[in-house]
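# Report on the structure
Below, each chain spelled out in residue letters.
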Amino acid sequence: MTELSWEQVSARRLARHGLSAPAASAPDAAPDADRVADAVSTMCGAHAQVASAAELSVGLRVPGATRALVRRALWRDRTLVKTRGPRGTVHLLAAADLPMWTGALSAVPAPPWERAVALLTPQQTEQVLAAIADALAEAELTTAELTEEIVARTGGWAGERVMEAFQDRWPRWMAAMSAATRAGVMCHGPNRGRATTYTSPTRWLPGFTPMPGPAARADLVRRYLYAYGPATPAQFAKWLSAPEQWAGVVFRSLDLTEVTVAGTRAWVVAGDTEFPDDRPAGLRLLPYFDAYAVGCHPRERLFPGAAAERALAGGQAGNFPVLLLDGTVAGVWHMRRSGRTIRITVEPLRPLGVGRRRALDEEVERVGHILEGNPSLTIGTVDVGPHA
């Protein structure tokens, strides 16, 4: 059995995420939308609850990229699609991967919270999904507009405001929204002012059809292990928000190789057992919900010592932007923007030497380049709490 150190695992993950040193390496050519999509595909999606965080998360992995390029890939070239991904949260996914994602997510047992809502019968859910598909086939509709279209196709029951949400009540049909995105009948369209719109994934990927469940979930496990392995079924289940027992069955059905990481059993795809001997290196400012911070395990290795207390929220990763040093979390940071002015405060958990401070200055400049602003840096306490 292959025995690996945490340093070897960390170095490989950094390289595969495009986060290895040097930070400011110039691309061979101007990056394009395809390179952006490739980066998003490799990282298994970029969390997009905070749009600027998603743009930075992707930009950090594509030398020379800016938020304008990420937006172009999403809204003009449509090599990215905005929809729900792992854990049922809004992500940017590579459009070419959408058949795999919808097939895999449809094969995952519905989470307990979704089953507990029970606002729709199975027949009503099917009616709502059919109405959504019909209404969005050639349109981009706001929630209010989509509600009208669904009610017109199903009946007044679909519009009853009975779903508890953020001190408000949403229409009944929205209890089927997660099922609709998993089934591939809706995704996000471009915002209309401040209003979110929804449309059909076939407008991003003509001829789109979800992959069969078994093939899709096998492909997803292999992609996850490529970016985040070695990993265990429990870690995969946590990342995907799936039952651990179900994940164990899926792992046992695939051709995987068992390894040990610092004495702990984990798995990689069979044949994918090459690991670098170099130690992980480099400094990064990862934004809210960055895939590396959320997807990499074990947490006690990625968030050692004081980092766990400072940068995790109830054990949950992603709620704080993090300072990454040599593959592990070593601080938190925060950004305030006003126009083109970007004020960045970094709170390291240990002193930064001259070399580290120089690298931090370079990373701040890179953040400014990606987000198309003028950055400034303050070393000090971050007084902003975790993002919900």
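Below you will find a few notes about this structure. All of these numbers come straight from a predicted model, not from anything done at the bench.

About the thresholds
- Residues numbered from 1 in each chain as written.
- Predicted model: local features only at pLDDT ≥ 70, side-chain atom pairs only at ≥ 80, totals over all residues.
- Heavy atoms only, no water.
- Helix = DSSP H or I, 4+ residues; strand = E, 2+ residues; numbered from the N terminus.
- Buried < 20%, exposed > 50% of the residue type's maximum accessible area, 1.4 Å probe, protein only.
- Core = buried A, V, L, I, M, F, W, Y, C linked by side-chain atoms within 4.5 Å.
- Contact = heavy atoms within 4.5 Å.
- Pairing = 2+ DSSP bridges.
- Expected span 1.5 Å × (residues − 1).
- Axes fitted to C-alpha atoms, helices over the stretch in contact; angles between N-to-C directions.
- Phe/Tyr/Trp six-rings, centres within 6.5 Å; stacked < 30°, edge-to-face > 60°.
- Lys NZ or Arg CZ within 6 Å of the ring centre and 35° of its normal.

### Points about unusual backbone geometry
Looking along the chain, the bond that leaves Gly229 and enters Pro230 is cis, with omega of 0°. With respect to the secondary-structure elements, Pro230 resides in the loop between helix 10 (213-228) and helix 11 (233-240). Each neighbour pair has its own omega, and for His297 with Pro298 the value is 0°, a cis peptide bond. When you line up the elements, Pro298 lands in the loop between helix 13 (291-295) and helix 14 (299-302). Backbone geometry at Phe289 places phi at a positive 60°, although glycine is not the residue there. Residue Phe289 is classed as buried on the basis of its relative accessible area of 10%.

### A few points about the nonpolar core
Residues Leu80, Tyr228, Phe236, Trp239, Leu240 and Phe303 are the most contacted members of the largest nonpolar core, which totals 89 residues. Among residues more than four places away in sequence, those in contact with Leu80 are Val36, Ala37, Val40, Val70, Ala73, Leu74, Leu92, Leu93, Ala94, Ala95 and Trp204. By size, the runner-up hydrophobic cluster in this structure holds 24 residues, among which are Leu120, Ala139, Leu146 and Trp157.

### A short note on the sheet that holds strand 8 (residues 187-192)
What the three strands build is an open sheet, ordered 5-9-8; its pairing is antiparallel. Sheet topology places strand 5 (141-142) and strand 8 at the edges, where each strand pairs with a single neighbour. Examined bridge by bridge, strand 5 and strand 9 (residues 195-199) share two bridges and lie antiparallel to one another. Residue pairing across strands places Leu141 opposite Tyr198, the latter belonging to strand 9.

### Brief notes about the side chain of Thr142
Tracing the chain through its elements places Thr142 in strand 5. Look past the residues within four positions of Thr142 in its chain and what remains in contact with it is Arg192, Ala195, Thr196 and Thr197.

### Quick word on the side chain of Arg172
In this structure, Arg172 sits in the loop between strand 7 (168-171) and helix 9 (177-183). Accessibility expressed as a relative area gives 16% for Arg172, which makes it buried.

### Remarks on the pairing of strand 9
For strand 8 and strand 9, the ladder comprises four bridges, and the chain directions are antiparallel. Each bridged residue has a counterpart across the sheet, and for Cys187 the counterpart in strand 9 is Thr199. The antiparallel pairing of strand 8 with strand 9 creates a hairpin that spans two residues between the two strands, and Gly193 there sits at a positive phi of about 70°.

### Some words on helix 16 (residues 354-371)
Over its 18 residues, helix 16 extends 26 Å from the first C-alpha to the last, a length consistent with the 26 Å expected when each residue adds 1.5 Å. By the burial criterion, the buried members of helix 16 are Leu360, Glu363, Val364, Arg366, Val367, Gly368, Ile370 and Leu371. Of the surrounding secondary structure, the elements contacted by the buried residues of helix 16 are helix 3 (51-59), helix 4 (67-76), strand 12 (283-286), strand 14 (328-338), strand 15 (341-348) and strand 16 (374-379).

### Focus on the environment of Glu148
Structurally, the position occupied by Glu148 is in helix 8 (residues 143-154). A relative accessible area of 59% places Glu148 in the exposed class. In the structure, Glu148 is positioned 10 residues away from Ala158 in sequence and 9.4 Å away in space, judged by C-alpha atoms.

### Notes on the sheet that holds strand 2 (residues 46-47)
One open sheet accounts for three strands, arranged 2-4-3; its pairing is antiparallel. Looking at the sheet topology across the chains shown, the edges are occupied by strand 2 and strand 3 (80-84). Each of strand 2, strand 3 and strand 4 (90-94) touches helix 2 (residues 33-42); the most contacted strand, strand 4, lies at about 120° to it.

### What about the environment of Leu105?
Following the sequence through the fold, Leu105 ends up in helix 5 (residues 98-107). With 50 residues separating them along the chain, Leu105 and Glu55 place their C-alpha atoms 24 Å apart. Apart from the residues lying within four places of it in its own chain, the contact partners of Leu105 are Arg84, Gly85, Arg182 and Leu240.

### Here we look at the packing of aromatic side chains
Pairs of aromatic rings are described using the distance from one ring centre to the other and the angle between the two planes. For the structure on display, the rule yields nine aromatic pairs. Centre to centre, the rings of Trp101 and Trp239 are 6.2 Å apart; their planes meet at 50°, and the pair counts as tilted. Residue Trp101 is located in helix 5, and its partner Trp239 is located in helix 11; the two are separated by 138 residues in the primary sequence. Here Trp239 falls in the buried class, since its relative accessible area comes to 4%. With a centroid separation of 4.8 Å and an interplanar angle of 35°, the aromatic rings of Tyr224 and Trp239 are classed as tilted. Taken together, the residues span a long stretch of sequence, with Tyr224 in helix 10 and Trp239 in helix 11 at a distance of 15 residues. The same class applies to Tyr224 as to Trp239, namely buried. Here the aromatic cluster, defined as three or more aromatic residues joined through ring pairs, consists of Trp101, Tyr224, Tyr228, Phe236, Trp239 and Phe251. A cation over an aromatic ring shows up here: Arg78 above the ring of Trp204, its NZ or CZ 4.3 Å from the ring centre. Here the basic side chain of Arg310 rests over the ring of Phe320, its NZ or CZ set 5.4 Å away from the ring centre.

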